[in-house]
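Results of the structural survey
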Amino acid sequence: MLRIYDTRARQVEELAPGRALRMYTCGPTVYRYAHVGNLRTYLLSDLIRRVLERRRVRVLACQNITDVGHLADSGVDKVVEQAETEGRSVRELARFYEDAFRNDTAALNLRPPEHTPRATETIDLMIELIAKLIEQGHAYAVPDGSVFFDVRTFPTYGEISGNRLDALKPAHRIDTVDPRKRFHADWALWKPAEGELSWETPWGRGFPGWHVECSAMSLRFLGSRFDIHTGGIDLRFPHHEDERAQSNAAAGHEVVRHWVHGEHLLFDGRKMAKSTGNVVLLADVVAAGLDPLAVRMAFLEHRYRQQMNLTWDTLRAADRTVRRWRSRVAEWAELPSAPMASAYVERVEAAFDDDLDTPGALRILRELERDESVAPGAKLESFLHVDQVLGLELSTDIGKVPVLPAGAGELLEARGRAREAEDWKEADRLRDELAALGVRVSDTPDGQTWT
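So, here is what we can say about the structure in this document. (Residues numbered from 1 in each chain as written. Predicted model: local features only at pLDDT ≥ 70, side-chain atom pairs only at ≥ 80, totals over all residues. Heavy atoms only, no water.)

1. Some words on the sheet that holds strand 12 (residues 270-271)
An order of 12-11-13 is seen for the three strands of this open sheet, with the pairing classed as mixed. This sheet does not close on itself; its edge strands, each paired only once, are strand 12 and strand 13 (308-310). (Pairing = 2+ DSSP bridges. Helix = DSSP H or I, 4+ residues; strand = E, 2+ residues; numbered from the N terminus.)

Right, here's the structure in full:
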């Protein structure tokens with residue numbers, strides 16, 4: 001069974017879901033396009049799902065859509081201005097970027113969750129949760145209509161990130177502690193506001209704080225005990241600490257069994273963020289002539305909890321590998337069938353089970369690809385079986401007439417002339433150049449052939 005690193009436990013633990021597993025993933029904030037760094041987080045939950053489903057475990061997944069809360073917290077005035085510029089309402093703007101996100105995840109072959117609740121459509125759940133926390137003495141309302149979580153009523157705060165209450169200091173950007181709070185580390189469950197993104201509550205009109213939506217949604221759609229909660233490493237604190245405190249306080253027990261986090265993605269050695277001007281979208285990858293699944297392949301080359309530096313060179317290399325494997329699978333499909341290479345497949349599946357060791361799994365597949373003692377039909381069945389987890393659509397080229405990539409035809413003609421002139425050095429150089437384009441050349445008594 002799958003063993004995975006639990007951030008709260010600080011160790012690799014075996015998932016023991018029985019016949020079903022419930023998983024929550026912190027979803028996108030839909031007021032801009034998701035960049036490829038954001039998308040890496042969602043591959044993590046997709047891999048967990050695919051590995052478990054190969055083990056005949058049913059996965060019930062929930063992923064929220066943040067179209068208020070963190071949205072409003074991040075500068076609603078700018079979002080309203082953007083919506084007005086584009087001739088949309090704020091909700092229409094959010095739907096536009098939500099659709100863009102869904103298109104990106106589909107292009108990366110990420111399986112959709114069973115539940116994708118929007119924050120704006122589950123405000124009632126949040127109000128009910130806040131009222132319950134107030135009733136239990138874990139939250140308090142103040143005269144301006146704000147509601148805060150009283151963190152000192154939750155003594156195990158900090159178990160995920162290590163940020164214990166007795167060591168927490170007020171935020172360095174704030175000169176004075178908010179006088180409305182009983183303790184500087186308390187956070188807002190509800191904030192007073194007017195306008196499009198606001199709702200009536202017993203405490204006054206306003207909108208929810210960012211953290212409360214995930215507690216309300218996960219408790220509603222997955223129940224008061226579920227198996228795994230995933231997200232990016234940047235969400236450990238404060239988001240997941242606050243979420244854990246809210247959910248556990250309301251339920252009266254530990255709600256999430258395992259907390260799992262994916263590491264940061266750098267691009268060309270720098271943090272990927274709008275503020276740094278270093279953002280790459282999936283659309284940029286496609287515009288560069290690369291298959292979107294080259295991004296998935298590049299991610300698979302690194303373990304999910306390993307910081308990764310993505311570059312255009314690594315994306316191009318991943319694209320070549322995906323295209324080569326599709327070509328090889330199509331080539332093997334033309335030859336006699338054979339049972340899977342079970343020894344190789346077992347090693348790959350063991351790598352998947354070992355804390356999602358996808359780089360190890362890919363190394364084993366490359367070894368299988370080169371092993372001439374394994375029948376082509378066995379390689380075909382093995383690659384197609386493993387691709388149920390990899391999700392690279394390796395069967396795409398089966399039955400298709402092969403088409404040379406742009407520029408490859410000219411290189412083949414040049415290589416043919418070099419061979420006729422017995423310029424073997426130039427012929428070898430051109431063979432390498434063709435290989436870089438994903439074209440494998442073989443020399444036969446009748447001339448050169450390619451796949």
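Having seen the structure, we can now continue with the description.
2. Structural notes on the sheet that holds strand 6 (residues 147-149)
Pairing in this open sheet of four strands is antiparallel, and the strands run 5-6-7-8 from one edge to the other. Only two strands of the sheet have a single neighbouring strand rather than two, namely strand 5 (139-141) and strand 8 (206-208). Strand-to-strand, the axes of this sheet are offset by a mean angle of 20 degrees, without reference to chain direction. For strand 5 and strand 6, the ladder comprises three bridges, and the chain directions are antiparallel. Each bridged residue has a counterpart across the sheet, and for A139 the counterpart in strand 6 is F149. Taken strand by strand, helix 5 (residues 123-135) contacts strand 5, strand 6, strand 7 (187-192) and strand 8, and its axis lies near 120 degrees from that of strand 7. (Axes fitted to C-alpha atoms, helices over the stretch in contact; angles between N-to-C directions. Contact = heavy atoms within 4.5 Å.)

3. Some thoughts on empty space enclosed by the protein
Using the criterion set out here, one finds one cavity of 30 Å³ or more in the structure. Of the voids in this model, the largest cavity is the one considered here, and its volume is about 90 Å³. Taken together, the elements giving at least two residues each to the lining of the largest cavity come down to helix 1 (36-54) and helix 9 (293-300). Looking at the lining of the largest cavity, the element that brings in the most residues is helix 1, giving four residues. (1 Å grid on protein atoms, 1.4 Å probe; cavity = no way out; pocket = protein on both sides within 12 Å on 5 of 7 lines; lining within 4 Å. Points joined across faces, edges and corners; volume = space filled by probe spheres on them.)

4. Focus: the pairing of strand 7
In this sheet, strand 7 lies alongside strand 6 in antiparallel orientation, the contact comprising three bridges. By the bridge assignment for strand 7, F149 is matched with W187. Two strands pair when backbone bridges link them, and strand 7 and strand 8 are joined in this way by three bridges, in the antiparallel orientation. When the bridges of strand 8 are listed, W190 appears paired with P208.

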